Amino acid sequence: LVWTAFTYDYYNELWVTDGTPAGTMMLNDYNPNTGNSVGSSSLPGFVINNSKFVYQCSNTTNGTELCVTDGTPAGTQLLVNANPTSGSSQFRWPSYD
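Residues numbered from 1 in each chain as written. Predicted model: local features only at pLDDT ≥ 70, side-chain atom pairs only at ≥ 80, totals over all residues. Heavy atoms only, no water.

Observations regarding the pairing of strand S1 (residues 2–7)
Link 1 in the chain: Both S1 and strand S2 (residues 11–16) contribute to a ladder of six bridges, which runs antiparallel. Bridge assignment links Thr 4 to a residue of S2, and that residue is Leu 14.
Link 2 in the chain: What sits between S1 and S2 in their antiparallel hairpin is a turn of three residues. (Pairing = 2+ DSSP bridges. Helix = DSSP H or I, 4+ residues; strand = E, 2+ residues; numbered from the N terminus.)

Re the pairing of strand S7 (residues 76–80)
Link 1 in the chain: Where strand S6 (residues 63–69) meets S7, four bridges bridge the pair, whose relative direction is antiparallel. Residue pairing for S7: Val 68 is matched across the bridge by Gln 77.
Link 2 in the chain: The turn joining S6 and S7, which pair antiparallel and follow one another in sequence, is formed by six residues; a positive phi near 95° is taken by Gly 71.

Describing the state of the cysteines
Link 1 in the chain: On inspection of all chains with the given rule, the structure shows one disulfide.
Link 2 in the chain: For Cys 57, the disulfide goes to Cys 67, at an S-S distance of 2.1 Å. Handedness of the Cys 57-Cys 67 disulfide follows from its S-S torsion of about 85°: it is right-handed. With Cys 57 in strand S5 (residues 52–59) and Cys 67 in strand S6, the pair connects residues that are 10 residues apart, well separated along the chain. Take Cys 57 and Cys 67: they sit in the same class, and that class is buried. (Disulfide = S-S within 2.5 Å. Buried < 20%, exposed > 50% of the residue type's maximum accessible area, 1.4 Å probe, protein only.)

Overview of the sheet that holds S1
Link 1 in the chain: Reading across from one edge, S1-S2-S3 is the order of the three strands in this open sheet, with antiparallel pairing throughout. Looking at the sheet topology across the chains shown, the edges are occupied by S1 and strand S3 (25–26).
Link 2 in the chain: In this sheet, S3 lies alongside S2 in antiparallel orientation, the contact comprising two bridges. Residue pairing for S3: Trp 15 is matched across the bridge by Met 26.

Details of the nonpolar core
Link 1 in the chain: Leu 14, Val 16, Leu 27, Tyr 30, Phe 53, Tyr 55, Cys 57 and Cys 67 form the largest nonpolar core, which has eight residues in total.
Link 2 in the chain: For this core, the secondary-structure elements that each account for two or more residues are S2 and S5. (Core = buried A, V, L, I, M, F, W, Y, C linked by side-chain atoms within 4.5 Å.)

So this is what it looks like as structure tokens:
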């Protein structure tokens, strides 16, 4: 299970669990040591190839972009910086209205 949790130390970040206390953890701190809420992960996201989860992430270096995780801290990273020269990418999640 993958979800976003808010804490005062890390703000909104991605967490994962295998259903056990030992297997429940924050995957990464996308914008560490900033002391503000600019730097977070958010859902919704989507699964690709039944093995990776793509989600929105933001920090002061890259703006808002896409990140990807395989459910491990080592496998959690920026997927692409689609707009490296002017900040955030302007992507939208699909609407199913």
